[in-house]
Amino acid sequence: RPGGRIIGGSFPQGREFLPGAGEMALYESDHTKFMREMLAQHPEWAEDQQRGRAIWWDRKVDLDEQDAQRRASEPHRPYPYDVNFEQR
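As the structure is a prediction and not an experimental result, all values here were calculated from the model.

### Comments concerning the overall build of the chain
Looking only at helices and strands, the chain has four helices and two strands in total. Ordering the α and β elements of the chain from the N terminus gives β-α-β-α-α-α. Residues classed as buried in the chain amount to 3% of the 88 residues present. Taking the intrachain contacts of the chain between residues at least 6 apart in sequence as the baseline, contacts between residues at least 24 apart amount to 19%. Total accessible area on the chain is roughly 8600 Å²; 54% of this is exposed by carbon and sulfur atoms.

Here it is as structure tokens:
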């Protein structure tokens, strides 16, 4: 592990039978460490990060509209490059 570190001390009881179990959960990579430090130095980035997330992930889904789009779309045709493929 080049520059990462193990967080915490010993492993919880009951993991002796699995050597290394939980080690990845306790490992913090160099990148994660860097990002934590940068966010601590630039707290304004957190707001920008939330705005960016809202663009793609935090959207309300209109299930009726989604269902209408599914019903309106044509089913995929089988392999269109087949020599026996018939165009409609």
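So, next bit.
### What to know about the pattern of salt bridges
Overall, the coordinates contain four salt bridges when judged by the stated rule. Of the charged contacts in the structure, one is a salt bridge between glutamate 47 and arginine 51, with a shortest N-O distance of 3.1 Å. One end of the pair is glutamate 47 and the other is arginine 51, both in helix 3 (residues 44-56) and four residues apart, which spans about a single turn. What makes arginine 51 partly exposed here is its relative accessible area of 48%. Ionic pairing is found between arginine 51 and aspartate 48, a salt bridge with its closest N-O pair at 3.1 Å. With arginine 51 and aspartate 48 both in helix 3 and three residues apart, this pair spans about one turn of that helix.

### As for the confidence of the model for the chain
Confidence in the prediction for the chain averages 76 pLDDT; 66% of positions are at 70 or higher. Averaged over each element, pLDDT in the chain is lowest for strand 1 (residues 5-6) (55) and highest for helix 2 (residues 30-41) (94).

### Section: the side chain of glutamate 28
You can see glutamate 28 is positioned in strand 2 (residues 27-28). A relative accessible area of 5% means that glutamate 28 is categorised as buried. In terms of polar contacts, glutamate 28 uses its side chain to reach the side chain of arginine 36, at 2.6 Å.

### Some remarks on a nonpolar patch on the surface
Residues Ile55, Trp56 and Trp57 make up a contiguous nonpolar surface patch of roughly 470 Å² in combined accessible area. The topology assignment puts tryptophan 56 in helix 3. The class for tryptophan 56 is exposed, based on a relative accessible area of 64%.

Rules used in this analysis
- Residues numbered from 1 in each chain as written.
- Predicted model: local features only at pLDDT ≥ 70, side-chain atom pairs only at ≥ 80, totals over all residues.
- Heavy atoms only, no water.
- Helix = DSSP H or I, 4+ residues; strand = E, 2+ residues; numbered from the N terminus.
- Buried < 20%, exposed > 50% of the residue type's maximum accessible area, 1.4 Å probe, protein only.
- Contact = heavy atoms within 4.5 Å.
- Areas by Shrake-Rupley, 256 points an atom, 1.4 Å probe, with all protein chains shown as cover.
- Salt bridge = Lys/Arg side-chain N within 4 Å of Asp/Glu carboxyl O.
- pLDDT = per-residue confidence, 0-100.
- Polar contact = N/O pair within 3.5 Å; in protein donor to acceptor, adjacent residues only side chain to side chain.
- Patch = residues over 30% accessible without salt bridge, like charges linked within 9 Å, V, L, I, M, F, W, Y side chains within 5 Å.

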